[in-house]
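Next come the chains, spelled out residue by residue.
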Amino acid sequence: MHRQKTRIAARVTRAARTFEYRGIIATYRLHDRLLRNQVARRRFQRSSPGLDEVQQRVLEALRTEGYALLPFSELLPDPSLWEALEQEGGRFGTETAEGLGKEAAGEASGLRRTGKDFVVRRDAYGSTIRPDDPWLRIVADRRLLDVANAYLQLWSKIEYVDLWYTPPQPADAERRASQRWHRDYDDRYLLKVFVYLTDVDQETGPFEYVPRSQPGGAYDELWPWHPMSESYPPQEELTAKIGDSVKTFTGPKGTMILCNTSGFHRGGFVTGKPRVLATATYCSPASLAALTERNFQLASGGNGSVDPVVRYALG
Ligand SMILES: O=C(O)CCC(=O)C(=O)O
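These notes cover the structure that comes with them. Each chain carries its own residue numbering, running from 1 in the written order of its sequence. In keeping with the predicted nature of the model, local features appear solely for residues at pLDDT of at least 70, side-chain atom pairs appear and are counted solely at 80 or more, and the whole-chain, interface and lining totals rest on all residues. Just so you know, side-chain values use all the structure's heavy atoms and leave hydrogens and water out.

**Notes on the pairing of strand E4 (residues 157–166)**
The side chains of a regular strand alternate, residue by residue, between the two faces of the sheet. Think of it in three bands: with a 1.4 Å probe and only protein chains considered, a residue is buried below 20% of the maximum accessible area for its type, exposed above 50%, and partly exposed in between. Per the convention used, a helix needs a DSSP run of H or I reaching at least four residues, while a strand needs a run of E reaching at least two, with both numbered from the N terminus. The buried fraction of E4 is high, at 10 of 10 residues. Note on pairing: DSSP must find at least two bridges between two strands before they are called paired. Bridge count between strand E2 (residues 120–121) and E4: 2 bridges; the pairing is antiparallel. Pairing of Val-120 across the sheet is with Tyr-165, part of E4. In this structure, E4 lies alongside strand E10 (residues 275–283), joined through 9 bridges in antiparallel fashion. Each bridged residue has a counterpart across the sheet, and for Asp-162 the counterpart in E10 is Thr-279.

**As for the sheet that holds strand E8 (residues 255–259)**
Overall, antiparallel pairing links the 6 strands, which are arranged E1-E8-E5-E10-E4-E2 in an open sheet. Looking at which strands have only one partner, the edges of the open sheet turn out to be strand E1 (67–71) and E2. As judged from the 4 bridges shared by strand E5 (residues 191–196) and E8, these two strands associate in the antiparallel manner. Bridged to Val-195 within E8 is Met-256. Across the sheet, helix H3 (residues 53–65) lies against E1, E5 and E8, angled at about 145° from E1, the strand it touches most. Only heavy atoms matter for contacts: two residues are in contact if any of them lie within 4.5 Å across the pair. Orientation is described by axes fitted as lines to C-alpha atoms, over the contacting stretch for helices, and by angles from 0 to 180 degrees between their N-to-C directions. Against the sheet, helix H7 (residues 142–152) contacts E5, E8 and E10, and its axis sits at roughly 50° relative to E10.

**Quick notes on the pattern of salt bridges**
Think of a salt bridge as a Lys or Arg side-chain nitrogen and an Asp or Glu carboxyl oxygen that are within 4 Å of each other. Evaluation of the coordinates by the stated rule reveals 18 salt bridges. For Arg-212, the salt bridge is made with Glu-65, and the minimal N-O distance between the two is 2.9 Å. In this pair, Arg-212 is assigned in the loop between strand E6 (207–209) and helix H8 (235–242) and Glu-65 in helix H3, connecting sequence segments 147 residues apart. With relative accessibility at 25%, the residue Glu-65 sits in the partly exposed group. Between Asp-117 and Arg-176 there is a salt bridge, with its nearest N and O atoms 2.9 Å apart. Separated by 59 residues along the polypeptide, Asp-117 in the loop between helix H5 (79–104) and E2 and Arg-176 in the loop between E4 and E5 bring together distant segments of the chain.

**So, the nonpolar core**
Among soluble globular proteins, nonpolar side chains are generally buried collectively. For this analysis, a nonpolar core means a set of buried residues of the types Ala, Val, Leu, Ile, Met, Phe, Trp, Tyr and Cys, connected via side-chain atoms within 4.5 Å. Trp-135, Met-256, Leu-258 and Tyr-282 are the most contacted members of the largest nonpolar core, which has 59 residues in total. Examining the composition of this core, we find that 7 residues originate from one element, H7, more than from any other. Setting aside residues no more than four positions away along its own chain, Leu-258 makes contact with Val-58, Leu-62, Gly-66, Tyr-67, Ala-68, Leu-70, Leu-144, Leu-191, Lys-192 and Val-193.

**Quick word on the side chain of His-31**
Mapped onto the elements, His-31 comes out in helix H1 (residues 2–33). On the basis of relative accessible area, His-31 is assigned to the buried category, the value being 11%. Once residues within four sequence positions are removed from consideration, His-31 is found in contact with Arg-36, Asn-37, Gln-38, Ala-286 and Ala-289.

Dropping the structure here:
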């Protein structure tokens, strides 16, 4: 009887989940094809930004390979932006290392680890970010935002803004969660930016990507992206299909990676020194309406930018 009841309950839960998934997918498609993304596309077409040579190069690489790699200062030459970010990364890194020390001693640390327990996040979900936060200012800077909008061909939304600290894994650890190959289901129109705030070598958990696995790329039919898709394919099967077509992003502090993570990627499997990076996600309005949730709100009075493109991205 109990077993039967459990089976019925499981079936009902499954049916409810399928129903909910279908609803989410339908909402996403509606906003993509007819509602919010159409508005965002029209706004972009009416005010399409002029890009300089560096931005054009980044855009071209994103379109063909699914990623672009360059020093932070090449895209954002204002030295005050880098200085402020580097300082914030240093502060976050030091405080996190202290917090981890407290945890090891059995004391409370207040460190944030939502979702992936192997990453300590500065902001996680539900945080309040000040408009003068160094990383937020960079993410909302028109030099970067214009690239994101030109790549996505619409006025994009800033969905996620954070700093991550990834400590070394225990010697016997296996890759888990985003340390394994996966596609992000957040959006078909997705651009993530990572800036290394420590030097990253093979032991520091470099970000890795399968070039041309983004939608429209040569590998997009391998366990293809669709809304709410299962993120993780069988790892050995994927590896057999892609062979050595993997880009591993080792690089010095200040390395910037832009990437459509609807394509296959993994990273953060640290076996040596801790990795500190800044990360942010640009997505379409349809994604925020159906598939994803913004991880932050702006401190009061925060979205007072006079620039409509920035106001839209943060609105
Ligand atoms: O930590 C990393 O390098 C991987 C991050 C990742 O998988 C993601 O942001 O989707």
